[in-house]
Amino acid sequence: MQDALFLLFALVTLVGAVLVVANPFSRDPVASAMFLVVTFIGLSGLFVLLGAFFLAAIQILVYAGAVMVLFLFVLMLLNLREEQRRKYSLVKGFLGTLLVGLLASFLIGTIFGAPALTVPGPAPMNAGAGPLGKMLFLHYLLPFEVVSILLLVAIIGVVILSKKDIR
Amino acid sequence: MIGLNHYLVISVLLFSLGLLGVLLRRNLLIVYMSLELMLNAANLALAAFSKYNQQLDGQILVFFIVTVAAAEVAVGLALMVALFRLRQTVRVDELNAMKL
């Protein structure tokens, strides 16, 4: 059952990612944004299979909710309609694909060549919000506060950047 | 039986697709979406390691990455809007004012 679900979610994730990057049917950035949502939902399913229930919820809330609304908002604001097919340089495309393929095969070779983990397989790990929050507020309190300041800086920066005349 | 390696392979493939998008696409917004794909691939690898090492630290790191990515998207899109006001384009091959 779990294996079938893994295959299903992995397929959803990868097909969504392919359609974000290279959609053969449409050059519309809105289509890419929608397929990005599909990818995020697949990833959320993979997180559930990994027992990371809190992360799955965060993935849907933050990525499929907030980040995607931002993307669509900017897409509609800029109103890019003359997104026609331009001719791509075949040499560049081939070289890029070759390089990325080499990197991927190297990484996969490393994964399967690595020694096995010393931990004897996954124990049932309860990773709901409870243990995660306890760890976050006990061991990782300083990074948590730093991240909150980072978010504040981002808010102020976005407001200033979006003003009509940047001096 | 699905193990750690399968999750890592999915993560590598997702990262490669994101890298391909950054290298090949010319629309700045789609380059940004590909960056998000790469960040999510890293998140998947961290969550998988967290489960198979039976430690929660990986999930905490994913939490921080999600937060930083959200801030980064907000600032990046604001920059893009400001750039579009100035130059009326978001294509990376037309934004070459700093090229020699």
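Residues numbered from 1 in each chain as written. Chains lettered and ligands numbered in written order. Predicted model: local features only at pLDDT ≥ 70, side-chain atom pairs only at ≥ 80, totals over all residues. Heavy atoms only, no water.

### Section: the overall build of chain A
A count of helical and extended segments in chain A gives six helices and zero strands. When the 167 residues of chain A are sorted by exposure, 34% land in the buried category. In chain A, of all internal contacts separated by at least 6 residues, the share reaching a separation of at least 24 is 61%. Split by element, the accessible area of chain A, about 10,400 Å² in all, is 76% carbon and sulfur. (Helix = DSSP H or I, 4+ residues; strand = E, 2+ residues; numbered from the N terminus. Buried < 20%, exposed > 50% of the residue type's maximum accessible area, 1.4 Å probe, protein only. Contact = heavy atoms within 4.5 Å. Areas by Shrake-Rupley, 256 points an atom, 1.4 Å probe, with all protein chains shown as cover.)

### A look at a nonpolar patch on the surface
Residues and elements named next belong to chain A. A surface patch of nonpolar side chains, about 640 Å² in accessible area, is lined by Val91, Phe94, Leu95, Leu98, Leu99 and Leu102. Position of leucine 98 relative to the elements: it lies in helix α4 (residues 90–113). Relative accessible area serves as the criterion here: at 44%, leucine 98 is assigned to the partly exposed category. (Patch = residues over 30% accessible without salt bridge, like charges linked within 9 Å, V, L, I, M, F, W, Y side chains within 5 Å. Salt bridge = Lys/Arg side-chain N within 4 Å of Asp/Glu carboxyl O.)

### Focus: the interface of chain A and chain B
Between chain A and chain B, the contact holds 75 residues from the first and 68 residues from the second. Together chain A and chain B conceal approximately 6,800 Å² of surface at their shared face, both sides included; 79% is due to carbon and sulfur atoms. On the chain A side of the contact with chain B, Val21(A), Leu50(A) and Phe71(A) bury the most area, a combined 10% of that side's loss. Scanning the region where chain A abuts chain B turns up zero salt bridges. (Buried area = accessible area lost by both parts, 1.4 Å probe.)

### Some points on the nonpolar core
Most often, soluble globular proteins keep nonpolar side chains buried together rather than apart. Core analysis: the largest hydrophobic core is formed by 58 residues, its most contacted members being Phe47(A), Leu50(A), Phe71(A), Tyr7(B), Leu29(B) and Leu44(B). Looking at this core, the element that brings in the most residues is helix α3 (residues 53–78) of chain A, giving twelve residues. If we ignore the near neighbours within four places in the chain, the residues touching Leu50(A) are Tyr7(B), Leu44(B), Ala47(B), Ala48(B), Lys51(B) and Tyr52(B). Met135(A), Leu56(B), Ile60(B) and Phe64(B) belong to the second largest nonpolar core, which has eight residues in total. (Core = buried A, V, L, I, M, F, W, Y, C linked by side-chain atoms within 4.5 Å.)

### What to know about the domain arrangement of chain A
Taken domain by domain, chain A consists of domain 1 (1–81) and domain 2 (129–167). Here the C-alpha centroids of domain 1 of chain A and domain 2 of chain A sit 24 Å apart. (Domains from an automatic or database assignment.)

### Describing the environment of Lys92(A)
By the secondary structure assignment, Lys92(A) is in helix α4. You can call Lys92(A) exposed: its relative accessible area is 56%. Residues contacting Lys92(A), with those up to four places away along its chain left out, are Leu24(B) and Arg26(B).

### A word on helix α5 (residues 129–138) of chain A
Residues and elements named next belong to chain A. For α5, every residue scored as buried is listed here: Leu132, Gly133, Met135 and Leu136. Projected onto a plane normal to the axis of α5, the buried residues spread over an arc of 165° and lie on a single side. Facing away from the buried side of α5, by more than 90 degrees, are the exposed residues Lys134 and Leu138. (Arc of directions from axis to C-beta.)

### A few points about the environment of Val74(A)
Relative to the helices and strands, Val74(A) is located in helix α3. For Val74(A) and Leu8(A), which are 66 residues apart along the polypeptide, the C-alpha to C-alpha distance reads 32 Å.

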